[in-house]
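What follows is the residue order along each chain.
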Amino acid sequence: MADKEQLMLADSLEDPGRGAQTKSNPNKSKLPWYFASGFLLFWGLLFFAVVIPRFYKLPTPLTMEDANRNVFIAERAYNNLYTLSNIGNKLTGSRENEVEAVNFILKDLEDIKEVMLDDYFDMEIDVSQVSGAFPYKTMLNMYQGVQNIAVKLSPKGSTSETYLLVNSHFDSKPFTPSAGDAGFMVVTMLEVLRVIATTKETFEHPIVFLFNGAEEGSMQASHGFITQHKWAPYCKAVVNLDAGGSGGREILFQSGPNHAWIVNYYKNYVKYPFATTLAEEIFQTGIVPSDTDFRQFNIYGNIPGLDMGQCINGFRYHTIYDTIDAIPRGSVQNTGDNVLSVVRGLANAPELHDIKAHRAGHAVFFDFLGLYFVHYSETTGIYLNFGVAGAALILIFISMCRITSVSNVSLFHVTCWFTLVLVVQIVSFVLGLALPAVVAYVFDYLGLSLTYYSTPLLIIGLYVCPSLIGLGLPVTIYHRLQQNDKISNAYHLQLSLHAQAIILSLLTIGATLFGLRSIYILVIPLIFYVLSLAFNLLTTLHDRGYAWTGVLKLSQVIPFLYSSYLFYTLVVILTPMGARAGSASNRDLYVAILAALGTVLSFGFLVPLINSFRRPSLVIVSLLAVTAVAIYLASSTQVGFPYRPRTNGQRVAYLQVRNKFYEYDGTLSKDESGYLFNFQDRLREKPFVDRNANLTGLVSIKSLCEEHMMCGMPLFDYRYVQNRLESKWLARSAPIEPKSSTELELVSKTTVNATIVRFVFKLTGPSHMSLFIQPYEDAKIVNWSFSLNYLKYPPAYPLAFHIYFRYGIDSSPLTFCIEISKSDGDFNVPLFQLGVSGHYIGEKGDAESEEFAASFPSYSILATWPVLYQRFIY
């Protein structure tokens, strides 16, 4: 009997997969403890050595010396950008936008026309003014006399009635020279047009280049083009170009919709791919506090396309620091090469002849480190997702059978232990996602939001390390405490990884059934785990102690690189948005969850492997130490203060308001002045209250919002309306006096019939005005000169109908009528309230307002102007 036991012991020493070895010496085949921390450090170094350089990789910009090659010349486009951005702020309605920017574009178009190959192409330039309206968010977006410059480049003698549309905008948000958003794209379009028009490379479909002059006011000019322009009915696809940052590579963040074929042209023609379906689905949830003209072309033109935009360095977006010095020439070359290639490809696409025939679902797409672009149809994605998940389940079952056979135990015994391991792994998975969210919640509760805003490395300590702790701690405790002497430690570790694969498989199946295309992010690590498991099963590695871990580690290199690359991209994009998304939501949670997801997907199959080393608890202790240091730096030192001058400023938006309330008899019942703050970030007034700015007397307007129509304040746009309960008011004694007036004239009041009366008004004022209209309970608006569709959905009091009005080059007064119905026919009583606000954007205000603005810290980026708000009762 003793001889038999000695023989079994000798066998188990040769094969660490056998249970007896585990019982006698569980650490025999484990690597020394000091390799454990190095194991995680290796993956961190891989991220900084590969992912970061690839993310910021830009091509060498071409100079005028290369002009004879008929390629995109970054130097020429950059020089154009210098001239365009030096015009200054190009607010719709300003001379800079309506005259100087238009003249600049027209001059360059004429220069291009002079060098165009007349034997090959025809060029037609059309400058138009458009007026119209459409419902958007909480308001009716109305515009008058905004300008579009459309250029149609056609093959000589072409009679084609299928056009490709390329669009961007040249107007600006207030106070920004808009080099990035979207002067960058305007000059890119001009250079693309120049190259195509001067190259003997023809195309099938005419190309319409649209330079629109009113995007920043909620996409007005593009709406006017697609609903009114003579070329609009012939535009069958669009390449929309915009920006949410300044410099770097442009990302494809929307495609189609329901036209997967169009992504194939991106794959075949773009030189430097940068795209992800996940960004598309995130954008369409509304999490991103922006929108693009792509929306208008889809909704009102029903045409598919590609939506591409700058996304890096969003800290400068819509600020005075959106200047040309932040844009490297390589960035211009990158975007120019991509746009030129994809426009040439789509201009020859046979699908444009009948796009309805090619309407066939969405696409799944993503790039790998900018080196390769992957795309497939949604249907293919469904089959792929189910196939990979099914293969994972089958191979895991086969692996468990092998464990049963090698360990000389029953399948029931292995299944019981696997069930326990699965529970532990689920706890690890949940903690990996939850712990960073807990950190974000606690920091927000303590008033420490956005600590990583200027120091992004804090994200590693605050969110990534807690996620790694959540992933590793339960598994490490399990492997420390489990006393199974029949299944080896190596097999227990395999069961942990199988459990991770089960979780991903079930999530993949569920999300696929739910219709999420971006679930491909789970499939990538899963498919490589399946491949490694299959290889280990086909060889003897599966049953040779920890020998299988080598194949697993190698198989997870690509998933690690991709997952970390993808979520780094999303964090880079969303971090600056946290300072302009309003104060109502905790944006730290978004960043924390993204960091957690990236960590779980990058390390989900790697962190359990620390248990193949001796003393894995030292890794957990190291991660706790890094987290503790990060928490200290973020909460107790200047490192965690979010804002820095110029590079990472705090956006401070407030209006210099004069409120005047007139009663039904015309008497002035209220006349007040003050500053209305619409806080852009979670910290609200805290960062500048402690630094000289005197906000004594600052109060919430929440109670006013319950008493008065639209809070009794000149809420500027839908963002002010949506964030109104977070807004605050600081009264001042001296009245605010805008330099010009906003006047509402009652032209006539006419009885239409026994129950309806018509009011006609004329409104005169600055280029940006708003109307608030709210009938009393016994009255109803039955008709007006605005959109009837918007009239069908009256907002509940104290909100009101909001007519957001902006004019471009046509500053003529706005004449409008309102018809009120009242059942008793008594029209000599108050029927409705009418609020009129004139926004004098570009004015600094009076001396007191300028002194107040100067009191803010150097890192404050102010967006402020005088406003006159008058409330009338008719």
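What counts and what doesn't
- Residues numbered from 1 in each chain as written.
- Predicted model: local features only at pLDDT ≥ 70, side-chain atom pairs only at ≥ 80, totals over all residues.
- Heavy atoms only, no water.
- Helix = DSSP H or I, 4+ residues; strand = E, 2+ residues; numbered from the N terminus.
- Rg over C-alpha atoms; globule rule 2.2 N^0.38 Å.
- Buried < 20%, exposed > 50% of the residue type's maximum accessible area, 1.4 Å probe, protein only.
- Contact = heavy atoms within 4.5 Å.
- Areas by Shrake-Rupley, 256 points an atom, 1.4 Å probe, with all protein chains shown as cover.
- Polar contact = N/O pair within 3.5 Å; in protein donor to acceptor, adjacent residues only side chain to side chain.
- Pairing = 2+ DSSP bridges.
- Axes fitted to C-alpha atoms, helices over the stretch in contact; angles between N-to-C directions.
- pLDDT = per-residue confidence, 0-100.
- Parallel < 35°, antiparallel > 145°, perpendicular 65-115°, else oblique.
- Left-handed = near helix turned anticlockwise from the far one by under 90°.
- Nonpolar A, V, L, I, M, F, W, Y, C, P; charged D, E, K, R; others polar.
- Patch = residues over 30% accessible without salt bridge, like charges linked within 9 Å, V, L, I, M, F, W, Y side chains within 5 Å.
- Salt bridge = Lys/Arg side-chain N within 4 Å of Asp/Glu carboxyl O.
- Phe/Tyr/Trp six-rings, centres within 6.5 Å; stacked < 30°, edge-to-face > 60°.
- Lys NZ or Arg CZ within 6 Å of the ring centre and 35° of its normal.
- Core = buried A, V, L, I, M, F, W, Y, C linked by side-chain atoms within 4.5 Å.
- 1 Å grid on protein atoms, 1.4 Å probe; cavity = no way out; pocket = protein on both sides within 12 Å on 5 of 7 lines; lining within 4 Å.
- Points joined across faces, edges and corners; volume = space filled by probe spheres on them.

**Description of the overall build of the protein**
Thinking step 1. From N to C terminus, the protein includes 25 helices and 21 strands.
Thinking step 2. For a compact globule of 874 residues, the expected C-alpha radius of gyration is about 29 Å, and the protein comes in at 31 Å, within 12% of that figure.
Thinking step 3. Seen through its C-alpha atoms, the protein measures out along the principal axes to roughly 115 × 70 × 55 Å.
Thinking step 4. Out of the 874 residues belonging to the protein, those deemed buried represent 60%.
Thinking step 5. Counted over contacts in the protein with a minimum sequence separation of 6, partners at least 24 positions apart contribute 81%.
Thinking step 6. Of the roughly 33,200 Å² of accessible surface on the protein, 59% is carried by carbon and sulfur atoms.

**Remarks on the environment of R658**
Thinking step 1. Within the element layout of this structure, R658 appears in strand β10 (residues 650-662).
Thinking step 2. We classify R658 as buried; its relative accessible area is 9%.
Thinking step 3. A C-alpha to C-alpha distance of 14 Å links R658 and M769, two positions 111 residues apart in sequence.
Thinking step 4. Residues within four places of R658 in sequence aside, it is in contact with D671, E672, S673, P735, I736, E737, V867, L868 and Y869.
Thinking step 5. Of note is the side chain of R658, whose polar atom sits 2.6 Å from the side chain of D671.
Thinking step 6. A polar side-chain atom of R658 sits 2.9 Å from a polar atom in the side chain of E737.

**Quick notes on the sheet that holds strand β14 (residues 743-751)**
Neighbouring strands of a sheet are bound in pairs by backbone hydrogen bonds; such pairs are parallel or else antiparallel.
Thinking step 1. Strand order in the open sheet formed by four strands is β14-β15-β19-β17, with antiparallel pairing between adjacent strands. A strand with exactly one partner marks an edge of an open sheet, and here the two such strands are β14 and β17 (780-784). Neighbour-to-neighbour, the strand axes of this sheet turn through a mean angle of 30°, independent of strand direction.
Thinking step 2. Strand direction decides the pairing type here: β17 and strand β19 (residues 814-821), joined by four bridges, are antiparallel. Bridge assignment links I781 to a residue of β19, and that residue is I820.

**Let's talk about the confidence of the model for the protein**
In low-pLDDT segments, the atomic positions of the prediction should not be examined closely.
Thinking step 1. Residues of the protein with pLDDT of at least 70 account for 96%, and the chain-wide mean is 93.
Thinking step 2. Here residues 1-24 is a poorly scored stretch, pLDDT under 50, and it has 34 contacts once near neighbours within four places are set aside; other chains count.

**Let's talk about the packing of helix α7 (residues 220-228) against helix α10 (residues 294-301)**
Thinking step 1. Put simply, α7 and α10 touch, their axes get as near as 9 Å, and they point 30° apart. Overall, the two elements α7 and α10 adopt an arrangement that is roughly parallel. Of the two possible hands of crossing, α7 and α10 adopt the one that is right-handed. Of the residues in α10, those in contact with S222, H223, F225, I226 and T227 of α7 are Q296, F297, Y300 and G301.
Thinking step 2. The residue makeup of the contact of α7 with α10, split by class, is four nonpolar, five polar and no charged.

**Describing the environment of L448**
Thinking step 1. In this fold, L448 is placed in the loop between α13 (411-445) and α14 (458-481).
Thinking step 2. With 187 residues separating them along the chain, L448 and S635 place their C-alpha atoms 6.8 Å apart.
Thinking step 3. Other than its neighbours up to four places away in sequence, L448 contacts F443, D588 and S635.

**What about the pairing of β19?**
Thinking step 1. Counting buried positions along β19 yields six of eight residues, so the element is predominantly enclosed.
Thinking step 2. As defined by bridge partners, strand β15 (residues 756-764) adjoins β19 across eight bridges and the pair is classed as antiparallel. By the bridge assignment for β19, R758 is matched with E819.

**Regarding unusual backbone geometry**
Thinking step 1. For the peptide bond that leads from D181 to A182, omega is -5°, which places it in the cis range.
Thinking step 2. Residue placement: A182 occurs in helix α6 (residues 179-197).
Thinking step 3. The omega torsion of the bond from Y797 to P798 falls at 15°, within 30 degrees of zero and hence cis.
Thinking step 4. Summarising the element assignment, P798 is placed in the loop between α24 (788-791) and β18 (801-807).
Thinking step 5. Of note, N70 is a non-glycine position whose phi angle comes to about 55°, a positive value.
Thinking step 6. One can find N70 in the loop between α3 (34-55) and α4 (74-86).

**As for the packing of helix α16 (residues 520-538) against helix α17 (residues 548-555)**
Thinking step 1. Across the interface, α16 lies against α17 with an axial gap of 9 Å and an inter-helix angle of 155°. Taken as axis vectors, α16 and α17 run roughly antiparallel relative to one another. Crossing angle aside, the handedness with which α16 passes α17 is right-handed. Packed against α16, whose contacting residues are F528, Y529, S532, F535 and N536, the element α17 presents W548, V551, L552 and S555 at the interface.
Thinking step 2. Considered class by class, the residues forming the contact of α16 with α17 number six nonpolar, three polar and no charged.

**So, a nonpolar patch on the surface**
Thinking step 1. There is a patch of nonpolar side chains on the surface, built from L31, W33, Y34, F35 and L618 and spanning about 490 Å² of accessible area.
Thinking step 2. With respect to the element layout, L31 can be found in the loop between α2 (19-24) and α3.

**Section: the packing of aromatic side chains**
Think of a pair of aromatic rings as described by two things: how far the centres are apart, and how the planes are tilted against each other in angle.
Thinking step 1. One pass over the structure, following the stated rule, counts 65 aromatic pairs.
Thinking step 2. Considering the side-chain rings of Y265 and Y269, the 6.1 Å spacing of their centres and the 5° angle between planes classify their relative orientation as stacked. Residue Y265 and its partner Y269 are both found in helix α8 (residues 261-269); the two are separated by four residues, about one turn of the helix.
Thinking step 3. Given the relative accessible area of 10%, Y265 is considered buried.
Thinking step 4. One aromatic cluster is present, formed by Y662, F759, F761, W784, F786, Y790, F801, F816, F832, F872 and Y874 through successive ring pairs.
Thinking step 5. When the ring centre of F55 is taken as reference, the NZ or CZ atom of R249 above it lies at 5.8 Å.
Thinking step 6. When the ring centre of F661 is taken as reference, the NZ or CZ atom of K670 above it lies at 5.0 Å.

**Quick word on the pairing of strand β11 (residues 668-677)**
Thinking step 1. With nine bridges joining them, β10 and β11 adopt antiparallel strand pairing. Looking at the pairing, Q656 lines up with Y675 of β11.
Thinking step 2. Taking the residues that link successive antiparallel strands as the turn, the β10-β11 hairpin has five residues, and the phi of G666 there is positive, at about 90°.
Thinking step 3. With five bridges connecting them, β11 and strand β13 (residues 728-732) associate as antiparallel partners. By the bridge assignment for β13, S673 is matched with R732.

**What to know about the nonpolar core**
Generally speaking, nonpolar side chains in soluble globular proteins are found buried as a group.
Thinking step 1. Formed by 116 residues in total, the largest nonpolar core has its most connected members in Y463, Y520 and F603.
Thinking step 2. Sort the elements by how many residues they give to this core and helix α18 (residues 557-577) lands first, with twelve residues.
Thinking step 3. When residues no more than four places from it in sequence are discounted, the contact partners of Y520 are T276, T277, L278, V364, F365, F366, Y376, Y562 and L566.
Thinking step 4. Grouped together as the second largest cluster of nonpolar side chains are 68 residues, F121, L190, I196 and L340 included.

**Some details on the layout of surface pockets**
Thinking step 1. What the second largest pocket holds in volume is close to 1,100 Å³.
Thinking step 2. Lining the second largest pocket are 43 residues; nearest its centre among them are F47, F48, I459, I460 and V464.
Thinking step 3. For the lining of the second largest pocket, the secondary structure elements donating two or more residues are α3, α14, α18, α19 (587-603) and α20 (617-636).
Thinking step 4. Ranked by the residues each element gives to the lining of the second largest pocket, the list is headed by α18, at nine residues.
Thinking step 5. Split by residue class, the lining of the second largest pocket holds 30 nonpolar, 13 polar and no charged.

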